[in-house]
Amino acid sequence: MDSDYDPEREAEAAMKLAAATDGLERQRWISLAMAWQEIARMRQPSMFGAGSEEAA
């Protein structure tokens, strides 16, 4: 299942919005950015596939 979302790009956008806000709204944007970063970390190994492990 492929998605049109780039989690790294979404995380960066959320951090830019966090920088433009303050208080509770800023904390919410930071939390969202951290969630996108976690998704990006989880997706990276699957992007390379099993073939890259076999070549190693």
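Predicted, not measured: the structure shown is a model, and the values here were computed from it.

How each quantity is defined
- Residues numbered from 1 in each chain as written.
- Predicted model: local features only at pLDDT ≥ 70, side-chain atom pairs only at ≥ 80, totals over all residues.
- Heavy atoms only, no water.
- pLDDT = per-residue confidence, 0-100.
- Contact = heavy atoms within 4.5 Å.
- Salt bridge = Lys/Arg side-chain N within 4 Å of Asp/Glu carboxyl O.
- Helix = DSSP H or I, 4+ residues; strand = E, 2+ residues; numbered from the N terminus.
- Buried < 20%, exposed > 50% of the residue type's maximum accessible area, 1.4 Å probe, protein only.

Caption draft 1: Here's a closer look at the confidence of the model for the protein chain. The pLDDT averaged across the protein chain works out to 83; a share of 73% of its residues lies at or above 70. Low pLDDT, under 50, characterises residues 52–56; the stretch is placed with zero contacts to residues that sit more than four places away or in other chains.

Caption draft 2: Geometry of the pattern of salt bridges. Per the stated rule, a full pass over the model turns up three salt bridges. Note that E38 is salt-bridged to R41, the shortest N-O span being 2.6 Å. In this pair, E38 and R41 are both assigned in helix α2 (residues 23–55), three residues apart and thus about one turn of the helix distant. You can call E38 partly exposed: its relative accessible area is 38%.

Caption draft 3: Quick look at the environment of W36. Among the secondary structure elements, W36 is positioned in helix α2. Among the residues examined, W36 registers a relative accessible area of 18% and is labelled buried. Residues W36 and E8, spaced 28 residues apart in sequence, show a C-alpha to C-alpha distance of 6.7 Å. Ignoring any residue separated from it by four or fewer positions in sequence, one finds W36 in contact with Y5, P7, E10 and A11.

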